[in-house]
Amino acid sequence: MTDKNLLLRQLPAVDRILSAPAMQSLAATCPHVLLLEAAQETVADLRRAILDGGATTELTIDAVAEQAARRAENKQEPSLRPVINATGTLLHTNLGRAPLSAAALAAITAISRSYSNLELDLTTGKRGHRFSHVEELLCRLTGAEAAAVVNNNAGAVLLALTALAKGKEAIVSRGEMIEIGGAFRIPEVMEAGGVRLREVGTTNKTHLKDYAGAINEETGLLLKVHTSNYRIVGFTEEVPAAAMVELAHGHGLPVMEDLGSGMLMDLTPFGLPREPTVREAVAAGIDVVTFSGDKLLGGPQAGILVGTRAAIDKIRHHPLARALRIDKLTLAALEATLASYLDERRALTELPVLRMLNMSAAEVEERSRAFAEKLGAALGAAAEIAVIEEPSAIGGGALPLTELPGFAVALTPQGVSVDLLALRLRQGKPPVVGRVQDNRLLLNLRTILPDEEPHLIDALRAALLY
Ligand SMILES: *Cc1c(COP(=O)(O)O)cnc(C)c1O
(Lines give C-alpha, C1' and ligand atoms only; values in the text may rest on other atoms or scores of the structure.)
Protein backbone atom coordinates (compact mmCIF):
# COMPACT_ATOMS: atom_id res chain seq x y z
CA MET A 1 0.00 0.00 0.00
CA THR A 2 2.70 2.48 1.00
CA ASP A 3 4.59 1.49 -2.15
CA LYS A 4 1.60 2.48 -4.22
CA ASN A 5 1.24 5.78 -2.37
CA LEU A 6 4.87 6.51 -2.97
CA LEU A 7 4.47 5.85 -6.69
CA LEU A 8 1.31 7.94 -6.88
CA ARG A 9 3.16 10.85 -5.33
CA GLN A 10 5.88 10.52 -7.95
CA LEU A 11 3.37 10.99 -10.80
CA PRO A 12 4.14 14.33 -12.45
CA ALA A 13 1.41 16.96 -12.57
CA VAL A 14 -0.25 17.72 -15.90
CA ASP A 15 1.19 21.25 -16.21
CA ARG A 16 4.70 19.93 -15.60
CA ILE A 17 4.20 17.37 -18.38
CA LEU A 18 2.98 20.11 -20.71
CA SER A 19 6.10 22.19 -20.14
CA ALA A 20 8.54 19.26 -20.51
CA PRO A 21 10.75 19.39 -23.65
CA ALA A 22 9.06 16.39 -25.37
CA MET A 23 5.70 18.15 -25.23
CA GLN A 24 7.07 21.63 -25.91
CA SER A 25 8.61 20.43 -29.14
CA LEU A 26 5.11 19.54 -30.36
CA ALA A 27 3.54 22.83 -29.26
CA ALA A 28 4.06 24.51 -32.65
CA THR A 29 2.29 21.79 -34.65
CA CYS A 30 -0.13 20.08 -32.26
CA PRO A 31 -3.26 21.92 -31.03
CA HIS A 32 -3.13 22.66 -27.28
CA VAL A 33 -6.39 20.76 -26.61
CA LEU A 34 -4.80 17.57 -27.89
CA LEU A 35 -1.60 18.06 -25.84
CA LEU A 36 -3.65 18.70 -22.70
CA GLU A 37 -5.87 15.67 -23.31
CA ALA A 38 -2.81 13.49 -23.99
CA ALA A 39 -1.14 14.62 -20.74
CA GLN A 40 -4.32 14.02 -18.71
CA GLU A 41 -4.92 10.59 -20.22
CA THR A 42 -1.30 9.56 -19.67
CA VAL A 43 -1.50 10.50 -15.99
CA ALA A 44 -4.85 8.74 -15.60
CA ASP A 45 -3.48 5.56 -17.24
CA LEU A 46 -0.40 5.56 -15.03
CA ARG A 47 -2.50 6.15 -11.91
CA ARG A 48 -4.70 3.20 -12.80
CA ALA A 49 -1.67 1.02 -13.49
CA ILE A 50 -0.14 1.91 -10.12
CA LEU A 51 -3.38 1.13 -8.27
CA ASP A 52 -3.64 -2.19 -10.10
CA GLY A 53 -0.10 -2.92 -8.98
CA GLY A 54 1.12 -3.16 -12.58
CA ALA A 55 3.09 0.07 -12.93
CA THR A 56 6.50 -0.88 -14.13
CA THR A 57 7.07 2.26 -16.17
CA GLU A 58 9.56 4.83 -15.15
CA LEU A 59 7.85 7.82 -13.60
CA THR A 60 10.50 10.46 -14.33
CA ILE A 61 9.10 13.61 -15.89
CA ASP A 62 10.95 12.98 -19.16
CA ALA A 63 9.68 9.43 -19.51
CA VAL A 64 6.08 10.41 -18.76
CA ALA A 65 6.22 13.45 -21.09
CA GLU A 66 7.62 11.22 -23.85
CA GLN A 67 4.65 8.86 -23.42
CA ALA A 68 2.22 11.81 -23.51
CA ALA A 69 3.91 13.20 -26.64
CA ARG A 70 3.48 9.89 -28.51
CA ARG A 71 -0.16 9.89 -27.47
CA ALA A 72 -0.61 13.47 -28.72
CA GLU A 73 0.99 12.52 -32.04
CA ASN A 74 -1.42 9.62 -32.45
CA LYS A 75 -4.34 11.95 -31.81
CA GLN A 76 -3.17 14.06 -34.73
CA GLU A 77 -3.20 11.14 -37.16
CA PRO A 78 -6.18 11.36 -39.49
CA SER A 79 -8.81 8.71 -38.90
CA LEU A 80 -9.08 7.87 -42.60
CA ARG A 81 -5.60 6.97 -43.80
CA PRO A 82 -3.79 5.06 -46.53
CA VAL A 83 -3.43 1.34 -45.85
CA ILE A 84 -1.17 -1.18 -47.57
CA ASN A 85 -3.42 -3.94 -48.91
CA ALA A 86 -1.38 -7.13 -48.66
CA THR A 87 -4.45 -9.39 -48.80
CA GLY A 88 -4.19 -10.03 -52.53
CA THR A 89 -7.90 -9.23 -52.91
CA LEU A 90 -8.11 -6.64 -55.68
CA LEU A 91 -11.40 -5.01 -54.78
CA HIS A 92 -11.80 -4.96 -51.04
CA THR A 93 -14.84 -2.91 -50.03
CA ASN A 94 -13.47 -2.46 -46.48
CA LEU A 95 -10.21 -1.15 -47.94
CA GLY A 96 -11.83 1.34 -50.30
CA ARG A 97 -12.08 -0.82 -53.47
CA ALA A 98 -10.18 0.44 -56.53
CA PRO A 99 -6.98 2.48 -56.19
CA LEU A 100 -7.11 5.32 -58.72
CA SER A 101 -4.87 6.00 -61.70
CA ALA A 102 -2.37 8.86 -61.68
CA ALA A 103 -4.55 10.66 -64.24
CA ALA A 104 -7.62 10.35 -61.99
CA LEU A 105 -5.65 11.71 -59.01
CA ALA A 106 -4.35 14.63 -61.05
CA ALA A 107 -7.89 15.41 -62.23
CA ILE A 108 -9.17 15.48 -58.63
CA THR A 109 -6.45 17.91 -57.61
CA ALA A 110 -6.93 20.16 -60.63
CA ILE A 111 -10.70 20.36 -60.23
CA SER A 112 -10.80 20.77 -56.47
CA ARG A 113 -8.13 23.40 -55.92
CA SER A 114 -10.06 26.08 -57.74
CA TYR A 115 -13.36 26.61 -59.60
CA SER A 116 -14.55 24.54 -62.55
CA ASN A 117 -17.16 24.44 -65.32
CA LEU A 118 -19.08 21.78 -63.37
CA GLU A 119 -22.47 23.14 -64.46
CA LEU A 120 -21.52 25.86 -66.89
CA ASP A 121 -21.53 25.54 -70.66
CA LEU A 122 -18.38 27.41 -71.64
CA THR A 123 -19.64 28.00 -75.20
CA THR A 124 -23.00 29.57 -74.40
CA GLY A 125 -22.13 30.90 -70.97
CA LYS A 126 -25.39 29.37 -69.80
CA ARG A 127 -26.12 26.71 -67.24
CA GLY A 128 -24.76 23.30 -68.27
CA HIS A 129 -25.15 19.85 -66.79
CA ARG A 130 -22.64 17.93 -64.71
CA PHE A 131 -23.38 14.69 -66.60
CA SER A 132 -22.16 16.30 -69.81
CA HIS A 133 -18.53 15.76 -68.75
CA VAL A 134 -18.80 11.97 -68.94
CA GLU A 135 -21.83 11.32 -71.10
CA GLU A 136 -20.06 11.36 -74.44
CA LEU A 137 -17.28 9.11 -73.16
CA LEU A 138 -19.77 6.64 -71.70
CA CYS A 139 -21.78 6.55 -74.93
CA ARG A 140 -18.64 6.01 -76.97
CA LEU A 141 -17.42 3.20 -74.69
CA THR A 142 -20.75 1.38 -74.42
CA GLY A 143 -22.66 2.22 -77.60
CA ALA A 144 -25.52 3.71 -75.56
CA GLU A 145 -27.54 6.77 -76.60
CA ALA A 146 -27.40 8.48 -73.23
CA ALA A 147 -25.82 8.23 -69.80
CA ALA A 148 -26.12 9.55 -66.25
CA VAL A 149 -24.00 9.08 -63.13
CA VAL A 150 -24.87 9.09 -59.43
CA ASN A 151 -23.23 8.44 -56.07
CA ASN A 152 -22.97 4.63 -56.32
CA ASN A 153 -24.54 1.66 -58.07
CA ALA A 154 -26.98 0.95 -55.23
CA GLY A 155 -28.23 4.51 -55.75
CA ALA A 156 -28.35 3.99 -59.52
CA VAL A 157 -30.53 0.87 -59.12
CA LEU A 158 -32.87 2.61 -56.68
CA LEU A 159 -33.15 5.68 -58.91
CA ALA A 160 -33.77 3.75 -62.13
CA LEU A 161 -36.38 1.48 -60.51
CA THR A 162 -38.24 4.39 -59.00
CA ALA A 163 -38.04 6.61 -62.09
CA LEU A 164 -39.24 3.85 -64.42
CA ALA A 165 -41.66 1.78 -62.35
CA LYS A 166 -42.82 3.51 -59.16
CA GLY A 167 -46.25 2.22 -58.09
CA LYS A 168 -45.97 -0.65 -60.55
CA GLU A 169 -44.57 -4.15 -60.59
CA ALA A 170 -41.07 -5.14 -61.59
CA ILE A 171 -40.67 -8.73 -62.76
CA VAL A 172 -37.49 -10.44 -61.54
CA SER A 173 -36.24 -14.01 -61.75
CA ARG A 174 -36.04 -15.89 -58.41
CA GLY A 175 -32.48 -16.79 -59.31
CA GLU A 176 -31.55 -13.09 -59.23
CA MET A 177 -32.98 -12.08 -55.82
CA ILE A 178 -29.55 -11.26 -54.50
CA GLU A 179 -28.03 -9.59 -51.50
CA ILE A 180 -24.80 -7.67 -52.02
CA GLY A 181 -22.64 -6.87 -48.97
CA GLY A 182 -23.84 -4.04 -46.74
CA ALA A 183 -27.53 -5.06 -46.80
CA PHE A 184 -28.22 -4.20 -50.43
CA ARG A 185 -31.03 -6.63 -51.17
CA ILE A 186 -32.91 -6.43 -54.41
CA PRO A 187 -36.38 -6.92 -52.81
CA GLU A 188 -35.68 -4.24 -50.20
CA VAL A 189 -34.30 -1.75 -52.72
CA MET A 190 -37.47 -2.26 -54.74
CA GLU A 191 -39.64 -1.65 -51.74
CA ALA A 192 -37.70 1.52 -50.93
CA GLY A 193 -38.26 2.66 -54.52
CA GLY A 194 -42.00 2.07 -54.27
CA VAL A 195 -41.85 -0.77 -56.79
CA ARG A 196 -43.71 -4.03 -56.21
CA LEU A 197 -41.76 -7.20 -56.70
CA ARG A 198 -43.09 -9.91 -58.95
CA GLU A 199 -40.87 -12.98 -58.68
CA VAL A 200 -40.90 -15.50 -61.49
CA GLY A 201 -39.27 -18.85 -62.19
CA THR A 202 -37.29 -20.88 -59.69
CA THR A 203 -33.87 -20.46 -58.09
CA ASN A 204 -32.05 -22.38 -60.79
CA LYS A 205 -34.28 -21.97 -63.83
CA THR A 206 -36.31 -19.16 -65.29
CA HIS A 207 -37.79 -19.34 -68.78
CA LEU A 208 -39.08 -16.67 -71.13
CA LYS A 209 -42.62 -18.02 -70.64
CA ASP A 210 -42.30 -17.27 -66.89
CA TYR A 211 -41.76 -13.59 -67.65
CA ALA A 212 -44.45 -13.62 -70.34
CA GLY A 213 -46.99 -15.18 -67.96
CA ALA A 214 -46.34 -12.53 -65.30
CA ILE A 215 -46.83 -9.47 -67.51
CA ASN A 216 -50.12 -7.69 -66.80
CA GLU A 217 -51.46 -4.11 -66.69
CA GLU A 218 -49.61 -3.51 -63.40
CA THR A 219 -46.19 -4.31 -64.86
CA GLY A 220 -43.74 -1.40 -64.93
CA LEU A 221 -40.57 -3.09 -66.09
CA LEU A 222 -38.57 -6.29 -66.41
CA LEU A 223 -35.45 -6.37 -64.26
CA LYS A 224 -32.34 -8.44 -64.82
CA VAL A 225 -29.73 -8.60 -62.06
CA HIS A 226 -26.21 -9.87 -62.53
CA THR A 227 -25.63 -12.43 -59.77
CA SER A 228 -22.22 -10.98 -59.18
CA ASN A 229 -21.27 -12.40 -55.79
CA TYR A 230 -22.44 -15.97 -56.17
CA ARG A 231 -23.13 -18.52 -58.86
CA ILE A 232 -25.85 -21.05 -59.36
CA VAL A 233 -24.10 -23.97 -61.00
CA GLY A 234 -25.34 -27.18 -62.56
CA PHE A 235 -28.80 -27.47 -64.03
CA THR A 236 -29.52 -23.79 -64.68
CA GLU A 237 -31.22 -21.59 -67.19
CA GLU A 238 -31.62 -17.87 -67.52
CA VAL A 239 -33.24 -15.91 -70.29
CA PRO A 240 -30.82 -14.06 -72.59
CA ALA A 241 -31.12 -10.27 -72.43
CA ALA A 242 -32.16 -9.96 -76.08
CA ALA A 243 -35.14 -12.32 -75.60
CA MET A 244 -36.29 -10.40 -72.52
CA VAL A 245 -36.01 -7.15 -74.48
CA GLU A 246 -38.08 -8.51 -77.35
CA LEU A 247 -40.79 -9.69 -74.97
CA ALA A 248 -40.88 -6.46 -72.93
CA HIS A 249 -40.79 -4.10 -75.89
CA GLY A 250 -43.64 -6.06 -77.47
CA HIS A 251 -45.69 -4.96 -74.45
CA GLY A 252 -44.32 -1.41 -74.46
CA LEU A 253 -42.27 -2.10 -71.30
CA PRO A 254 -38.64 -1.23 -70.55
CA VAL A 255 -35.97 -3.69 -69.37
CA MET A 256 -33.39 -2.69 -66.81
CA GLU A 257 -30.22 -4.60 -65.97
CA ASP A 258 -28.06 -4.21 -62.86
CA LEU A 259 -24.68 -5.44 -64.08
CA GLY A 260 -22.92 -4.91 -60.73
CA SER A 261 -19.26 -4.60 -61.59
CA GLY A 262 -19.89 -3.72 -65.20
CA MET A 263 -16.93 -4.44 -67.42
CA LEU A 264 -16.09 -2.20 -70.33
CA MET A 265 -13.54 -4.69 -71.68
CA ASP A 266 -13.64 -8.38 -72.43
CA LEU A 267 -11.46 -10.00 -69.77
CA THR A 268 -11.18 -13.47 -71.29
CA PRO A 269 -7.69 -12.72 -72.70
CA PHE A 270 -6.48 -12.63 -69.04
CA GLY A 271 -7.77 -16.13 -68.46
CA LEU A 272 -10.88 -14.82 -66.71
CA PRO A 273 -14.35 -16.25 -67.26
CA ARG A 274 -16.65 -14.55 -69.75
CA GLU A 275 -18.59 -11.74 -68.16
CA PRO A 276 -21.14 -9.72 -70.08
CA THR A 277 -19.71 -6.32 -71.00
CA VAL A 278 -21.80 -3.18 -70.73
CA ARG A 279 -21.63 -2.80 -74.52
CA GLU A 280 -23.21 -6.26 -74.95
CA ALA A 281 -26.08 -5.40 -72.60
CA VAL A 282 -26.69 -2.16 -74.50
CA ALA A 283 -26.49 -3.97 -77.86
CA ALA A 284 -29.08 -6.48 -76.63
CA GLY A 285 -31.46 -3.54 -76.34
CA ILE A 286 -31.59 -3.17 -72.54
CA ASP A 287 -33.13 0.25 -71.82
CA VAL A 288 -31.06 1.03 -68.72
CA VAL A 289 -27.87 -0.70 -67.61
CA THR A 290 -26.39 0.20 -64.22
CA PHE A 291 -22.91 -0.57 -62.86
CA SER A 292 -20.31 0.58 -60.32
CA GLY A 293 -17.44 2.99 -60.91
CA ASP A 294 -15.13 1.44 -58.32
CA LYS A 295 -15.29 -2.29 -59.02
CA LEU A 296 -13.56 -3.76 -62.08
CA LEU A 297 -13.88 -0.43 -63.89
CA GLY A 298 -11.09 0.74 -61.57
CA GLY A 299 -12.37 4.25 -60.89
CA PRO A 300 -13.96 6.20 -58.03
CA GLN A 301 -17.14 5.19 -56.20
CA ALA A 302 -19.98 6.00 -58.58
CA GLY A 303 -23.15 4.53 -60.04
CA ILE A 304 -23.26 4.66 -63.82
CA LEU A 305 -26.46 4.42 -65.87
CA VAL A 306 -26.38 4.02 -69.65
CA GLY A 307 -29.24 3.33 -72.02
CA THR A 308 -31.83 4.86 -74.29
CA ARG A 309 -32.38 8.62 -74.41
CA ALA A 310 -36.00 8.21 -73.26
CA ALA A 311 -35.18 6.11 -70.18
CA ILE A 312 -32.13 8.15 -69.16
CA ASP A 313 -34.11 11.40 -69.49
CA LYS A 314 -36.75 10.09 -67.07
CA ILE A 315 -33.98 9.15 -64.65
CA ARG A 316 -32.16 12.48 -64.94
CA HIS A 317 -35.29 14.48 -64.22
CA HIS A 318 -36.43 12.43 -61.23
CA PRO A 319 -36.15 14.34 -57.89
CA LEU A 320 -34.12 11.49 -56.40
CA ALA A 321 -31.39 12.17 -58.99
CA ARG A 322 -30.65 15.42 -57.15
CA ALA A 323 -30.40 13.60 -53.81
CA LEU A 324 -28.03 10.99 -55.24
CA ARG A 325 -25.93 13.32 -57.34
CA ILE A 326 -22.27 12.75 -57.94
CA ASP A 327 -19.78 15.29 -56.59
CA LYS A 328 -17.23 17.11 -58.72
CA LEU A 329 -14.17 15.26 -57.36
CA THR A 330 -15.70 11.92 -58.24
CA LEU A 331 -16.75 13.22 -61.61
CA ALA A 332 -13.21 14.43 -62.34
CA ALA A 333 -11.74 11.04 -61.40
CA LEU A 334 -14.40 9.18 -63.36
CA GLU A 335 -13.82 11.22 -66.53
CA ALA A 336 -10.08 10.53 -66.33
CA THR A 337 -10.66 6.81 -65.67
CA LEU A 338 -13.07 6.47 -68.60
CA ALA A 339 -10.66 8.34 -70.88
CA SER A 340 -8.07 5.57 -70.26
CA TYR A 341 -10.47 3.06 -71.84
CA LEU A 342 -10.44 4.85 -75.19
CA ASP A 343 -7.28 2.85 -75.83
CA GLU A 344 -7.50 -0.55 -74.12
CA ARG A 345 -3.72 -0.95 -74.00
CA ARG A 346 -3.55 2.35 -72.15
CA ALA A 347 -6.25 1.21 -69.73
CA LEU A 348 -4.20 -1.91 -68.97
CA THR A 349 -1.11 0.08 -68.03
CA GLU A 350 -2.74 3.14 -66.44
CA LEU A 351 -5.47 1.67 -64.25
CA PRO A 352 -4.09 -0.04 -61.13
CA VAL A 353 -6.92 -2.60 -60.92
CA LEU A 354 -6.41 -3.73 -64.51
CA ARG A 355 -2.65 -3.81 -63.99
CA MET A 356 -3.12 -6.11 -60.97
CA LEU A 357 -5.59 -8.25 -62.90
CA ASN A 358 -3.19 -8.51 -65.81
CA MET A 359 -0.17 -9.43 -63.65
CA SER A 360 0.94 -12.97 -64.47
CA ALA A 361 1.64 -15.53 -61.76
CA ALA A 362 5.28 -15.50 -62.88
CA GLU A 363 5.46 -11.74 -62.36
CA VAL A 364 3.93 -12.04 -58.87
CA GLU A 365 6.42 -14.81 -58.09
CA GLU A 366 9.37 -12.75 -59.25
CA ARG A 367 8.28 -9.75 -57.18
CA SER A 368 7.63 -12.01 -54.17
CA ARG A 369 11.10 -13.57 -54.35
CA ALA A 370 12.83 -10.22 -54.68
CA PHE A 371 10.77 -8.84 -51.81
CA ALA A 372 11.40 -11.90 -49.61
CA GLU A 373 15.13 -11.40 -50.07
CA LYS A 374 14.99 -7.74 -49.00
CA LEU A 375 12.76 -8.68 -46.11
CA GLY A 376 15.16 -11.39 -44.96
CA ALA A 377 17.98 -8.84 -44.85
CA ALA A 378 15.84 -6.36 -42.94
CA LEU A 379 14.37 -8.76 -40.37
CA GLY A 380 17.23 -11.17 -39.70
CA ALA A 381 16.15 -13.87 -37.27
CA ALA A 382 12.88 -12.12 -36.33
CA ALA A 383 10.86 -14.10 -38.85
CA GLU A 384 11.05 -17.15 -41.07
CA ILE A 385 10.29 -16.16 -44.63
CA ALA A 386 9.07 -18.30 -47.52
CA VAL A 387 7.48 -17.74 -50.89
CA ILE A 388 4.40 -19.89 -51.38
CA GLU A 389 1.75 -20.40 -54.05
CA GLU A 390 -1.28 -18.33 -53.15
CA PRO A 391 -4.12 -17.23 -55.43
CA SER A 392 -5.70 -13.77 -55.44
CA ALA A 393 -9.42 -13.13 -55.20
CA ILE A 394 -11.04 -10.36 -57.20
CA GLY A 395 -13.51 -9.33 -54.50
CA GLY A 396 -16.02 -6.50 -54.46
CA GLY A 397 -18.74 -8.93 -55.44
CA ALA A 398 -17.18 -9.45 -58.85
CA LEU A 399 -16.34 -12.86 -60.34
CA PRO A 400 -16.97 -14.80 -57.10
CA LEU A 401 -15.53 -18.11 -58.21
CA THR A 402 -12.52 -16.73 -59.98
CA GLU A 403 -9.09 -16.88 -58.47
CA LEU A 404 -5.99 -15.46 -60.06
CA PRO A 405 -3.09 -17.89 -59.63
CA GLY A 406 -0.17 -16.27 -57.87
CA PHE A 407 2.26 -16.24 -54.94
CA ALA A 408 2.63 -14.72 -51.50
CA VAL A 409 5.44 -14.05 -49.05
CA ALA A 410 4.68 -16.11 -45.93
CA LEU A 411 6.08 -14.86 -42.62
CA THR A 412 6.39 -16.94 -39.47
CA PRO A 413 7.30 -14.49 -36.72
CA GLN A 414 9.74 -15.67 -34.06
CA GLY A 415 9.01 -14.60 -30.50
CA VAL A 416 5.57 -13.09 -31.10
CA SER A 417 2.34 -14.74 -32.17
CA VAL A 418 1.15 -14.23 -35.72
CA ASP A 419 -2.02 -12.57 -34.41
CA LEU A 420 -0.01 -10.04 -32.44
CA LEU A 421 2.10 -9.34 -35.52
CA ALA A 422 -1.07 -8.80 -37.58
CA LEU A 423 -2.41 -6.43 -34.91
CA ARG A 424 0.83 -4.44 -34.75
CA LEU A 425 0.86 -4.16 -38.54
CA ARG A 426 -2.73 -2.90 -38.64
CA GLN A 427 -1.80 -0.28 -36.07
CA GLY A 428 1.49 0.61 -37.72
CA LYS A 429 2.45 3.58 -39.82
CA PRO A 430 1.28 3.02 -42.46
CA PRO A 431 -1.21 0.34 -41.43
CA VAL A 432 -0.74 -2.97 -43.27
CA VAL A 433 -3.49 -5.56 -43.73
CA GLY A 434 -2.36 -9.08 -44.61
CA ARG A 435 -3.94 -12.50 -44.32
CA VAL A 436 -3.33 -14.88 -41.43
CA GLN A 437 -3.34 -18.51 -42.47
CA ASP A 438 -1.92 -21.62 -40.80
CA ASN A 439 -0.06 -19.54 -38.24
CA ARG A 440 1.66 -17.49 -40.92
CA LEU A 441 1.14 -13.98 -42.15
CA LEU A 442 0.71 -13.88 -45.92
CA LEU A 443 1.71 -10.81 -47.90
CA ASN A 444 0.44 -10.88 -51.46
CA LEU A 445 2.47 -8.59 -53.71
CA ARG A 446 -0.21 -8.43 -56.41
CA THR A 447 -2.15 -5.76 -54.50
CA ILE A 448 0.89 -3.94 -53.11
CA LEU A 449 1.89 -0.98 -55.26
CA PRO A 450 5.65 -1.03 -56.07
CA ASP A 451 6.25 2.30 -54.29
CA GLU A 452 4.70 0.85 -51.12
CA GLU A 453 7.31 -1.92 -50.78
CA PRO A 454 9.89 0.15 -48.81
CA HIS A 455 7.14 1.32 -46.43
CA LEU A 456 6.02 -2.26 -45.95
CA ILE A 457 9.55 -3.29 -44.99
CA ASP A 458 9.73 -0.39 -42.49
CA ALA A 459 6.36 -1.37 -41.03
CA LEU A 460 7.49 -4.99 -40.61
CA ARG A 461 10.74 -3.92 -38.99
CA ALA A 462 8.82 -1.73 -36.55
CA ALA A 463 6.36 -4.53 -35.77
CA LEU A 464 9.01 -7.22 -35.23
CA LEU A 465 12.15 -5.51 -34.02
CA TYR A 466 11.15 -2.74 -31.64
C1 LIG B 1 -21.84 -4.21 -56.06
C2 LIG B 1 -23.20 -4.35 -56.60
C3 LIG B 1 -24.19 -3.39 -56.31
C4 LIG B 1 -23.91 -2.21 -55.43
O5 LIG B 1 -23.00 -1.32 -56.06
P6 LIG B 1 -22.28 -0.17 -55.20
O7 LIG B 1 -21.49 0.58 -56.22
O8 LIG B 1 -21.48 -0.86 -54.17
O9 LIG B 1 -23.36 0.67 -54.61
C10 LIG B 1 -25.44 -3.56 -56.84
N11 LIG B 1 -25.73 -4.63 -57.62
C12 LIG B 1 -24.81 -5.58 -57.94
C13 LIG B 1 -25.20 -6.73 -58.80
C14 LIG B 1 -23.51 -5.46 -57.43
O15 LIG B 1 -22.59 -6.39 -57.72
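The structure presented is a predicted model; accordingly, all values stated were derived computationally and were not measured.

1. Concerning the overall build of the protein chain
Right, so step 1: The number of helices and strands found in the protein chain is 20 helices and 17 strands.
Right, so step 2: Each principal axis of the C-alpha atoms in the protein chain carries an extent, and together these give about 90 × 50 × 45 Å.
Right, so step 3: The proportion of buried residues among the 466 residues of the protein chain is 47%.
Right, so step 4: Long-range pairs, those at least 24 residues apart, make up 75% of the contacts in the protein chain with a sequence separation of at least 6.
Right, so step 5: Of the accessible surface of the protein chain, which amounts to about 22200 Å², a share of 52% is contributed by carbon and sulfur atoms.

2. Some remarks on the UniProt feature "domain: L-seryl-tRNA selenium transferase N-terminal" (unreviewed entry) in the protein chain
Right, so step 1: UniProt marks residues 8-47 with the feature "domain: L-seryl-tRNA selenium transferase N-terminal" (unreviewed entry), using the numbering shown here.
Right, so step 2: Between the end C-alpha atoms of residues 8-47 the distance is 7 Å, and the span holds 72% helix and 0% strand.

3. As for the layout of surface pockets
Right, so step 1: Counted as a void, the second largest pocket has a volume near 520 Å³.
Right, so step 2: Surrounding the second largest pocket, 28 residues form its lining, Glu176, Lys224, His226, Thr227 and Glu238 being those nearest its centre.
Right, so step 3: Put simply, the parts of the chain that give the lining of the second largest pocket at least two residues each are β7 (219-225), α11 (241-250) and α12 (278-283).
Right, so step 4: Considered class by class, the residues forming the lining of the second largest pocket number 10 nonpolar, 10 polar and eight charged.

4. Some details on the sheet that holds strand β17 (residues 440-443)
Right, so step 1: The sheet built from four strands is open, its strands ordered β11-β14-β17-β16 with antiparallel pairing. Looking at the sheet topology across the chains shown, the edges are occupied by β11 (383-389) and β16 (435-437). Within the sheet, the average angular offset between the axes of one strand and its neighbour, ignoring direction, is 30°.
Right, so step 2: Sheet analysis places strand β14 (residues 407-413) next to β17, joined by three bridges and oriented antiparallel.

5. Side note on the pattern of salt bridges
Right, so step 1: Inspection of every chain in the model, using the stated rule, returns 29 salt bridges.
Right, so step 2: Residues Glu199 and Arg174 are paired through a salt bridge, measuring 3.0 Å at the closest nitrogen-oxygen approach. Of this pair, Glu199 sits in strand β6 (residues 196-200) while Arg174 sits in the loop between β3 (169-173) and β4 (179-180), and the two are 25 residues apart along the sequence.
Right, so step 3: Assessed through its relative accessible area of 35%, Glu199 is described here as partly exposed.
Right, so step 4: Of the charged contacts in the structure, one is a salt bridge between Arg435 and Glu390, with a shortest N-O distance of 2.4 Å. Linking Arg435 in strand β16 with Glu390 in the loop between β11 and β12 (392-393), this pair joins segments that are 45 residues apart in sequence.
Right, so step 5: Among the ionic contacts, a cluster of salt bridges with common partners joins Glu37, Glu41, Asp45, Arg48, Arg71 and Lys75.

6. Some words on the side chain of Ser392
Right, so step 1: Position of Ser392 among the secondary structure elements: in strand β12.
Right, so step 2: Residues within four places of Ser392 in sequence aside, it is in contact with Gly88, Leu90, Thr402, Glu403, Leu404, Asn444 and Arg446.

7. A word on empty space enclosed by the protein
Right, so step 1: Scanning the model with the defined rule gives one cavity of 30 Å³ or more in all.
Right, so step 2: Taken together, the residues of the lining of the largest cavity sort by class into four nonpolar, three polar and one charged.

8. Observations concerning the packing of helix α18 (residues 361-379) against helix α20 (residues 453-465)
Right, so step 1: Direction vectors running N to C along α18 and α20 enclose 40°, while the axes themselves pass 10 Å from each other. As summarised for this structure, α18 and α20 are arranged oblique, according to the angle between their axes. For the crossing formed where α18 meets α20, the hand is right-handed. When α18 is examined against α20, the residues Arg367, Phe371, Lys374, Leu375, Ala378 and Leu379 are found in contact with a partner set consisting of Glu453, Leu456, Ile457, Leu460, Arg461, Leu464 and Leu465.
Right, so step 2: A breakdown of the residues in the contact of α18 with α20 according to their chemical character gives nine nonpolar, no polar and four charged.

9. Here's the deal with the UniProt feature "modified residue: N6-(pyridoxal phosphate)lysine" (unreviewed entry) in the protein chain
Right, so step 1: Within the UniProt annotation, "modified residue: N6-(pyridoxal phosphate)lysine" (unreviewed entry) is assigned to Lys295.
Right, so step 2: Position of Lys295 among the secondary structure elements: in the loop between β9 (288-292) and β10 (303-307).
Right, so step 3: Accessibility expressed as a relative area gives 4% for Lys295, which makes it buried.
Right, so step 4: Once you skip the residues sitting within four places of it in the chain, Lys295 turns out to touch Leu91, Arg97, Ala98, Gly260, Ser261, Val353 and Gly396.

10. Concerning the sheet that holds β3
Right, so step 1: Overall, mixed pairing links the seven strands, which are arranged β2-β10-β9-β8-β7-β3-β6 in an open sheet. A single partner strand is all that each edge strand has here, and the edge strands are β2 (146-150) and β6. Here the average twist between neighbouring strands, direction ignored, is 25°.
Right, so step 2: Packing of helix α13 (residues 309-316) onto the sheet brings it into contact with β2, β9 and β10, and relative to β2 it is tilted by some 30°.

What counts and how
- Residues numbered from 1 in each chain as written.
- Predicted model: local features only at pLDDT ≥ 70, side-chain atom pairs only at ≥ 80, totals over all residues.
- Heavy atoms only, no water.
- Helix = DSSP H or I, 4+ residues; strand = E, 2+ residues; numbered from the N terminus.
- Buried < 20%, exposed > 50% of the residue type's maximum accessible area, 1.4 Å probe, protein only.
- Contact = heavy atoms within 4.5 Å.
- Areas by Shrake-Rupley, 256 points an atom, 1.4 Å probe, with all protein chains shown as cover.
- UniProt positions renumbered as here; feature names shortened; annotations may be inferred.
- 1 Å grid on protein atoms, 1.4 Å probe; cavity = no way out; pocket = protein on both sides within 12 Å on 5 of 7 lines; lining within 4 Å.
- Points joined across faces, edges and corners; volume = space filled by probe spheres on them.
- Nonpolar A, V, L, I, M, F, W, Y, C, P; charged D, E, K, R; others polar.
- Pairing = 2+ DSSP bridges.
- Axes fitted to C-alpha atoms, helices over the stretch in contact; angles between N-to-C directions.
- Salt bridge = Lys/Arg side-chain N within 4 Å of Asp/Glu carboxyl O.
- Parallel < 35°, antiparallel > 145°, perpendicular 65-115°, else oblique.
- Left-handed = near helix turned anticlockwise from the far one by under 90°.

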